[in-house]
Amino acid sequence: MPAASGATAKSAAASRSATAQSSAGTDVASPGWMLAMVPDATVKQFEASMTVARQTVDDALTMVDQWSDTGRLQIDQALSVSTAAVDSLNTWNKAVIAIMERHMSETRELLATWTSAQDPQQFFEANQDFMRAHVDSFAKDMTAWSQTALQVVSAMMAPLGTPPTDGDHKRAR
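What counts, and at which threshold
Residues numbered from 1 in each chain as written. Predicted model: local features only at pLDDT ≥ 70, side-chain atom pairs only at ≥ 80, totals over all residues. Heavy atoms only, no water. Helix = DSSP H or I, 4+ residues; strand = E, 2+ residues; numbered from the N terminus. Contact = heavy atoms within 4.5 Å. Areas by Shrake-Rupley, 256 points an atom, 1.4 Å probe, with all protein chains shown as cover. Salt bridge = Lys/Arg side-chain N within 4 Å of Asp/Glu carboxyl O. Buried < 20%, exposed > 50% of the residue type's maximum accessible area, 1.4 Å probe, protein only. Phe/Tyr/Trp six-rings, centres within 6.5 Å; stacked < 30°, edge-to-face > 60°. pLDDT = per-residue confidence, 0-100. Axes fitted to C-alpha atoms, helices over the stretch in contact; angles between N-to-C directions. Parallel < 35°, antiparallel > 145°, perpendicular 65-115°, else oblique. Nonpolar A, V, L, I, M, F, W, Y, C, P; charged D, E, K, R; others polar. Expected span 1.5 Å × (residues − 1). Polar contact = N/O pair within 3.5 Å; in protein donor to acceptor, adjacent residues only side chain to side chain.

Our focus in this paragraph is the overall build of the protein. Counting its secondary structure elements, the protein contains 5 helices and 0 strands. In the protein, the succession of α and β elements from N to C terminus is α-α-α-α-α. Looking at the protein alone, contacts between residues at least 24 apart form 67% of all its contacts between residues at least 6 apart. As displayed, the protein offers around 13500 Å² of accessible surface, 63% of which is attributable to carbon and sulfur atoms.

Quick look at the structure:
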């Protein structure tokens, strides 16, 4: 019986092949008849091509994910720098305002001294005292402003990491 069923299976396959060849293009519901006519080497080549195509698409999607992550990182860094800049500039503005308010107060005091001067001697002494104090104050203010400026720049650049050193620039060349 097994030999007969093997022979029956072979004759059924031959019959399907003959039917597929005779009805080419008429049995649209089952595309298997077309596959039966394609040589095995061609099918294997097609499957290999599809495997390569799938791998290429997977690699492309991986690259897109990496680019997206890099883009998100850059956006986060830009946001951090912007936030640090705003905070730092607020600190800078407060320092400038404090210095300017002090200078305005000193100038008001000078004007009050001028208006209350009884003679030219008092007027010029008040001027001289003001100028001495103003020059000393200006030197201290410039030091404070430069320190605040360094703090502002450092705070703005902190989200980007360690700034490059001169040696890093030389190695890059």
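Across all of its chains, the model carries 2 salt bridges by this definition. The partner of aspartate 141 in a salt bridge is arginine 102, with the nearest N and O atoms 2.5 Å apart. Here arginine 102 lies in helix 3 (residues 40-116) and aspartate 141 lies in helix 4 (residues 120-157), a separation of 39 residues in the sequence. A relative accessible area of 4% means that aspartate 141 is categorised as buried.

Here tryptophan 92 shows up in helix 3. Residue tryptophan 92 is classed as partly exposed on the basis of its relative accessible area of 25%.

Here we take up the packing of aromatic side chains. Taken as a whole and assessed by the stated rule, the structure comprises 2 aromatic pairs. Seen in terms of ring centroids, tryptophan 114 and phenylalanine 123 are 5.1 Å apart; in terms of plane orientation they differ by 35°. Their pairing is tilted. Under the relative-accessibility criterion, tryptophan 114 is labelled partly exposed at 30%.

Turning our attention to the confidence of the model for the protein. Residues at a pLDDT of 70 or more form 72% of the protein, whose mean pLDDT is 76. In the model, residues 1-6 has pLDDT below 50 throughout and makes 0 contacts with residues more than four positions away in sequence or in other chains. In the predicted structure, residues 18-25 sits below a pLDDT of 50 and forms 4 contacts with residues beyond four places in sequence or in another chain.

A few words on the side chain of serine 88. Relative to the helices and strands, serine 88 resides in helix 3. The residues touching serine 88, leaving out its near neighbours within four places in the chain, are Val152, Ala155 and Met156.

Moving on, we come to the packing of helix 3 against helix 4. With their axes 10 Å apart at the nearest point, helix 3 and helix 4 run at an angle of 175° to one another. Considering their axes alone, helix 3 and helix 4 lie roughly antiparallel with respect to each other. Partitioning the contact of helix 3 with helix 4 into residue classes produces 18 nonpolar, 10 polar and 3 charged.

Side chains of residues three or four places apart in an α-helix project in the same direction, reflecting 3.6 residues per turn. Under the 1.5 Å per step criterion, the end-to-end length of helix 3 is 113 Å for 77 residues, consistent within 8% with the ideal 114 Å. Taken as a whole, helix 3 has its buried residues at Val81, Ala84, Ala85, Ser88, Ile99, His103 and Leu110. Looking at the buried positions of helix 3, the neighbouring elements they touch are helix 4.

So, on to helix 4. The terminal C-alpha atoms of helix 4 lie 54 Å apart, and with 38 residues this matches the ideal 56 Å at 1.5 Å per residue to within 8%. Considered for burial, the residues of helix 4 that qualify are Ala126, Phe130, Ser137, Asp141, Thr148 and Val152. Residues of helix 4 that are buried sit in contact with helix 3. Structurally, the start of helix 4 carries an N-cap: the backbone nitrogen of glutamine 121 is 3.0 Å from a side-chain oxygen of aspartate 119.

We now examine the side chain of histidine 103. Here histidine 103 lies in helix 3. Of the polar contacts made by the side chain of histidine 103, one reaches the side chain of aspartate 141; its length is 2.5 Å. Apart from the residues lying within four places of it in its own chain, the contact partners of histidine 103 are His134, Ser137 and Asp141.

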